[in-house]
Amino acid sequence: MKIAVGSTNNAKLEAARLAVLKMFPKAVVVGVSVKSNVSDQPKSDKESIEGALNRARAAQKKTRADFGIGMEGGIQKIGKSWFESGWIAVVDKKGNLGLGSSARFEMSGKLAKELLSGRELRDVINELTNRTDVHETDGAMGVLTAGHLKRAEAYTHGIIFAFAPFLSDKKFWK
């Protein structure tokens with residue numbers, strides 16, 4: 001079985017490998033560069049889901065894999081606060097779809113202000129940590145949890161949830 005991830009980001013590929021190997025131990029996971037066709041910093045769940053769908057469909061089509069996985073991080077206002085999460089879409093060859101997401105975390109006022117001014121989370125976190133690779137390694141999730149929950153691990157749950165329609169009995173989806 002071949003599963004294509006619509007990204008070459010190391011953290012996203014690690015998340016896919018961790019999740020996929022739990023479900024399909026013999027699967028091969030490949031990363032391909034595709035466009036999300038949404039803004040660099042999505043500011044709603046709707047936009048993040050659209051980006052994940054676009055990536056999943058493009059990855060599956062480009063590679064003709066059994067499944068395509070798309071991941072798109074973004075922020076969403078809930079009440080008076082902004083929260084970040086990663087949305088995950090999975091598509092198969094027939095176009096069937098599954099969606100999932102990582103857990104959410106509340107953005108600090110400082111981070112939310114930067115993102116709402118038009119900056120991308122990865123750039124802000126890289127700047128604040130004096131690094132250039134946070135989005136490829138720990139992610140903002142790892143930085144803000146002092147390394148206790150890195151991006152790859154946080155995204156694995158969302159990937160497995162997105163595969164739920166393909167894993168469970170069809171009676172749950174009719």
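Throughout what follows, the structure given in this document is the object of discussion. Throughout, a residue's number is its position along its own chain's written sequence, starting from 1. Since the coordinates come from a predicted model, pLDDT governs what is reported: local features require at least 70, and pairs of side-chain atoms require 80 or more to be given and counted, while whole-chain, interface and lining totals use all residues. Hydrogens and waters are ignored; side-chain quantities use all the structure's heavy atoms.

1. Overview of the side chain of S48
Here is step 1: With respect to the secondary-structure elements, S48 resides in helix α2 (residues 45-63).
Here is step 2: Each residue is assigned to one of three classes by its accessible area relative to the maximum for its type, calculated with a 1.4 Å probe on protein chains only: buried under 20%, partly exposed between the two thresholds, exposed over 50%. Residue class for S48 comes out buried when judged on its relative accessible area of 1%.
Here is step 3: Between two residues, a contact is recorded if the distance between any of their heavy atoms is within 4.5 Å. Filtering out sequence-adjacent residues up to four positions away, S48 remains in contact with P42, E72, G73, G74 and W87. For the purposes of this entry, the term helix denotes a DSSP run of H or I that reaches at least four residues, the term strand denotes a run of E that reaches at least two, and both are numbered from the N terminus.

2. Things to note about the packing of helix α3 (residues 109-116) against helix α4 (residues 121-129)
Here is step 1: Interaxial angles span 0 to 180 degrees and are taken between N-to-C directions of axes, which are lines fitted to C-alpha atoms, for helices over the stretch in contact. The geometry of α3 relative to α4 is characterised by a closest axis approach of 9 Å and an angle of 130° between their N-to-C directions. Relative to α4, the element α3 lies oblique. Crossing hand, α3 versus α4: right-handed. Contacts between α3 and α4 involve K110, L111, E114 and L115 from the former and L121, V124, I125 and L128 from the latter.
Here is step 2: Here the term charged refers only to Asp, Glu, Lys and Arg, the term nonpolar to Ala, Val, Leu, Ile, Met, Phe, Trp, Tyr, Cys and Pro, and the term polar to all other amino acids, Gly among them. Looking at the contact of α3 with α4, its residues break down into 6 nonpolar, no polar and 2 charged. Roughly parallel here means an angle under 35 degrees, roughly antiparallel means over 145, roughly perpendicular means 65 to 115, and every remaining angle is called oblique. By convention the crossing between two helices is left-handed if the near helix lies anticlockwise of the far one by an angle smaller than a right angle, and right-handed if it lies clockwise.

3. Quick notes on unusual backbone geometry
Here is step 1: For N130, which is not glycine, the phi dihedral falls at a positive 55°.
Here is step 2: When you line up the elements, N130 lands in the loop between α4 and α5 (139-144).
Here is step 3: For A146, which is not glycine, the phi dihedral falls at a positive 55°.
Here is step 4: Position of A146 relative to the elements: it lies in the loop between α5 and α6 (151-167).
Here is step 5: For A146, a relative accessible area of 65% puts it in the exposed group.

4. Remarks on the nonpolar core
Here is step 1: Only buried Ala, Val, Leu, Ile, Met, Phe, Trp, Tyr and Cys residues count toward a nonpolar core, and they belong to the same one when joined by side-chain atoms within 4.5 Å. Membership of the largest hydrophobic core comes to 36 residues, with the highest contact counts inside it found for V20, I69, M107, I159 and F163.
Here is step 2: Residue assignment for this core shows that the elements contributing at least two residues are β1 (2-5), α1 (10-23), β3 (67-78), β4 (81-92), α3, α4, α5 and α6.
Here is step 3: Here this core takes 7 residues from α6, the largest share from any one element.
Here is step 4: Residues I49, L53, A56 and V91 belong to the second largest nonpolar core, which totals 7 residues.

5. What to know about the packing of α1 against α6
A pair of packed helices can be characterised by two numbers: the angle between their axes and the separation between those axes.
Here is step 1: Where α1 meets α6, the axes come as close as 8 Å, and the angle between the chain directions of the two elements is 45°. The angle between α1 and α6 places the two elements in the oblique class. Judged by the twist between their axes, the crossing of α1 over α6 is right-handed. Across the interface between the two elements, A11, K12, E14, A15, A16, L18, A19, V20, K22 and M23 from α1 touch R151, A152, Y155, T156, I159, I160, F163 and L167 from α6.
Here is step 2: By residue class, the composition of the contact of α1 with α6 is 13 nonpolar, 1 polar and 4 charged.

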